[in-house]
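Residue strings, one per chain:
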Amino acid sequence: MDVELKQQFDEMGVEPAEAVLDRCMELAISYNVHDATEFVEQWMAFSLSHLHGEDPALDNLGDFERKVLQLRKDKMGSKASAQKATSYAASSVLEASSLATYGVMEDDPMIDDYVSESVADSSAMHTPKAKKNSGRTSNLKGGVLFSPASYTPQSAKRNTAVGTPSSLVAGKPGDIVDSFGHPKLLAGSSWQSQMEHQLPVTQKLLHKDAPLTLANLGYMNDLLAERCDDLHDRVEDTGRALVDKKLGAAAAAECSWYPHDKQALQAAGGLHAVGMVHSEDDGPLDAHSAFLAVIDDSTDEVEDNFLSLNFSRIRSASIFPGQVVLAKGFIPKGKSFVVEEIYTERKLTPPTPLKVDRELQFVVAAGPFTDSTDLFYEPLHDLLKYIKEHRPDVLVLTGPFLDADHKIVGELAETFDSFFEKMIGGIMEAVGIHTTVLVVSSQKDAMVHSVYPTPPPTLRKTYPNLHMLPDPSLVDLDGITLGVTSTDVVDHLLSYEFAANAGERMHRAINHLFHQGSFYPLYPPADEDMAYDSQLALKYAQIKQLPNVLILPGDQRHFIRLVSDCLVINPGRLSDKKGGTFARFLVAPSAPGKAANMFNSVACQVQRI
């Protein structure tokens, strides 16, 4: 576990001494914290809340043990006693009634309204009187109701006697678990909008001057030959950019895409081959399963265009299926290419300088927005309560909103579209008219077309401050370029890549997106259920210029990174077994006479819901 602890601290940019790591290991074992991620997350929350972000040291680890670990141990002990005492009562809640299966108990007050009164006077048929103090009003939080019309079995409902997910995680709601930015911005911000003003929203991922919508959507008609042509063009375009960066523009213009004259090139100092990386079994890469598909216009023999990659001499590498690379090495014999170096970086078009004349506040949250066992949407209620209190300028919500794979989604007694309309209506009622709301669709949602890129669903009712966006999206918000996707591309990349001495994982994955120029550069897709459309991706999933801010939600641990002057944020999932999180960030105007700088102009925090 010591290696895992060191790796988790490295991801947070913390390099503790060996003695400190040993002490952390002792604490983790003593207090039964078996997950290194959980231990480091608890430390970061404690450090940000009590030590102003200090690194772990032998002296402050004592405070951490007393205020966090010991307290956690005491709470777990009391919970175990309470659960043991109530286990018999919990097991006897459901009687053998057929009504209990669907949440209607023998002593349900609604049944009493009809049954008891009708027994007293069987000849009088009437509507039962409304009760002033009804327990059902507890579902209304701030006047917004998300409970769907459903036949939800009682067994699928959350049993608060056993404990909700939020009670099983370290920390408490409102804890700051990650931060980025200038200390003065972080300390001086109230995290509230300074004025009520709707921001103009302009979509920038366009094809024929139009974004992806249901009106221009066409899929399931890309032929295999067209996919091959798309991949060929991608190798040529990205390959030339890689050669231009490493060998210069002249070499890119005269680049021999396949090493024809091997002897001459070897005499000149080795071979340079441009191609696309693939896996032998279309699965995750390793040191023995990767091969390079190269372009050879001099022959029509497809089988001659593949080189098996040998990494025995390479110092560092980070490759994944579908990546276009420039490889340097030699061919000892046959079709085996001994790789000495791999180049994956090209010249990037930097983000447009920030142009804001006032401080702008953003809140970002990623689905799912409800627990995996119910459709109560309690985390979403909590988020909307935060929004009503802080009134940010922009609220960004990424799907899934109604996951098609949810355990009880099939028990809805209304259409998916109707349920989603009701959800959006409740969100907009709580948010008001002065916060710009961006809703990014997800192919996992039950009410959208299951294709990537994913068009947004249509709504019968429109709102002036609501913008339904496709996945992925690139928008301009009054001088700030924001990129966002709901697809977990970071997890897909890290799960399928082969990496050796390649640096920090999140930086690596983000750079893959930037240097491949795509929101989803893997091919074939890592998710076998993902309906990837190459024609749509070519039109609506390209990154030609870096945004100022990029939102990459996913199952990996939440993070904030600054890569190539682009602020990249994973806000985490709003509903998560280890504790849901969301992100908030602000963009401030630059000081007079000073050039815009992301570190000095942006502050970001990830907060527990």
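Residues numbered from 1 in each chain as written. Predicted model: local features only at pLDDT ≥ 70, side-chain atom pairs only at ≥ 80, totals over all residues. Heavy atoms only, no water.

As recorded in an unreviewed UniProt entry, the chain goes by the name DNA polymerase alpha subunit B, listed as coming from Drosophila rhopaloa. UniProt, in the comment section headed Function (unreviewed entry), describes the chain in these words: "Accessory subunit of the DNA polymerase alpha complex (also known as the alpha DNA polymerase-primase complex) which plays an essential role in the initiation of DNA synthesis." The Subcellular location (unreviewed entry) comment attached to the chain in UniProt states, word for word, "Nucleus". (UniProt positions renumbered as here; feature names shortened; annotations may be inferred.)

Student: So what exactly am I meant to see when it comes to the sheet that holds strand S2 (residues 201-203) here?
Tutor: Strands in a sheet are paired, the pairing made by backbone hydrogen bonds, and the direction either parallel or antiparallel. Pairing is mixed in the open sheet, where six strands are placed in the order S2-S13-S14-S16-S18-S17. For this open sheet the edge positions go to S2 and strand S17 (559-563), each flanked by a neighbour on one side alone. Put simply, the sheet's adjacent strands are angled 25° from each other on average, direction ignored. Where strand S13 (residues 473-477) meets strand S14 (residues 480-484), five bridges bridge the pair, whose relative direction is antiparallel. Pairing of Ser 473 across the sheet is with Val 484, part of S14. In the packing of helix H13 (residues 505-516) onto the sheet, the strands contacted are strand S16 (549-551), S17 and strand S18 (566-570), and the crossing angle to S17 comes to about 55°. (Pairing = 2+ DSSP bridges. Helix = DSSP H or I, 4+ residues; strand = E, 2+ residues; numbered from the N terminus. Axes fitted to C-alpha atoms, helices over the stretch in contact; angles between N-to-C directions. Contact = heavy atoms within 4.5 Å.)

Student: It is not clear to me how the sheet that holds strand S7 (residues 324-330) should be interpreted in this structure. Could you clarify?
Tutor: Judged by pairing direction, the barrel is mixed, and its five strands sit side by side in the order S3-S4-S5-S8-S7 before closing back on the first. Strand-to-strand twist in this sheet, taken as the mean axis angle between neighbours without regard to direction, amounts to 55°. Strand direction decides the pairing type here: S7 and strand S8 (residues 336-343), joined by five bridges, are antiparallel. Bridged to Ala 327 within S8 is Ile 342. Here helix H7 (residues 224-247) sits on the sheet in contact with strand S3 (271-279), S7 and S8, set at roughly 60° to S7.

Student: Which parts of the structure should I look at to understand the packing of aromatic side chains?
Tutor: Note on aromatic pairs: each is described by the distance of the centres and the angle between the planes. Throughout the structure, instances matching the rule amount to 16 aromatic pairs. Plain terms: the ring middles of Phe 369 and Phe 401 are 5.1 Å apart, the flat faces sit at 15° to each other, and that makes the pair stacked. Note that Phe 369 is positioned in the loop between strand S9 (360-366) and helix H10 (378-390) and Phe 401 in the loop between strand S10 (394-398) and helix H11 (416-431), a separation of 32 residues in sequence. Both residues of the pair, Phe 369 and Phe 401, count as buried. Here Tyr 452 and Tyr 532 contribute two aromatic rings whose centre-to-centre distance is 6.2 Å and whose plane-to-plane angle is 15°, an arrangement assigned as stacked. Taken together, the residues span a long stretch of sequence, with Tyr 452 in the loop between strand S11 (436-440) and strand S12 (466-469) and Tyr 532 in the loop between H13 and helix H14 (534-540) at a distance of 80 residues. Of the aromatic side chains, those joined through ring pairs into one cluster are Phe 39, Trp 43, Phe 46 and Phe 64. (Phe/Tyr/Trp six-rings, centres within 6.5 Å; stacked < 30°, edge-to-face > 60°. Buried < 20%, exposed > 50% of the residue type's maximum accessible area, 1.4 Å probe, protein only.)

Student: What am I meant to see in the packing of helix H1 (residues 2-11) against helix H2 (residues 18-30) here?
Tutor: When two helices pack together, their arrangement is captured by the angle between the axes and the distance separating the axes. At a minimum axis separation of 10 Å, H1 and H2 run at an interaxial angle of 115°. Crossing of H1 over H2 shows right-handed handedness. In this structure, H1 uses Asp 2, Leu 5, Lys 6 and Phe 9 to contact H2, whose residues at the interface are Leu 21, Cys 24 and Met 25. Looking at the contact of H1 with H2, its residues break down into five nonpolar, no polar and two charged. (Left-handed = near helix turned anticlockwise from the far one by under 90°. Nonpolar A, V, L, I, M, F, W, Y, C, P; charged D, E, K, R; others polar.)

Student: I would appreciate a short explanation of the pairing of S11 in the present structure.
Tutor: Sheet faces and side chains relate simply in a regular strand, where the side chains alternate between the two faces. With five of five residues buried, S11 is to be regarded as a mostly interior element. What you see with S11 is no split at all: Thr 436, Leu 438 and Val 440 on one side and Val 437 and Val 439 on the other are buried throughout. Pairing between S10 and S11: five bridges, direction parallel. Bridge pairing in S11 links Thr 398 to Val 440. Where the polypeptide runs from S10 across H11 and back to S11, its parallel neighbour, the crossover connection is right-handed. Here S11 pairs with S12 via four bridges, running parallel. If you follow Val 439 over to S12, its bridge partner there is Met 468. (Right-handed = clockwise from strand over helix to strand, strands pointing away.)

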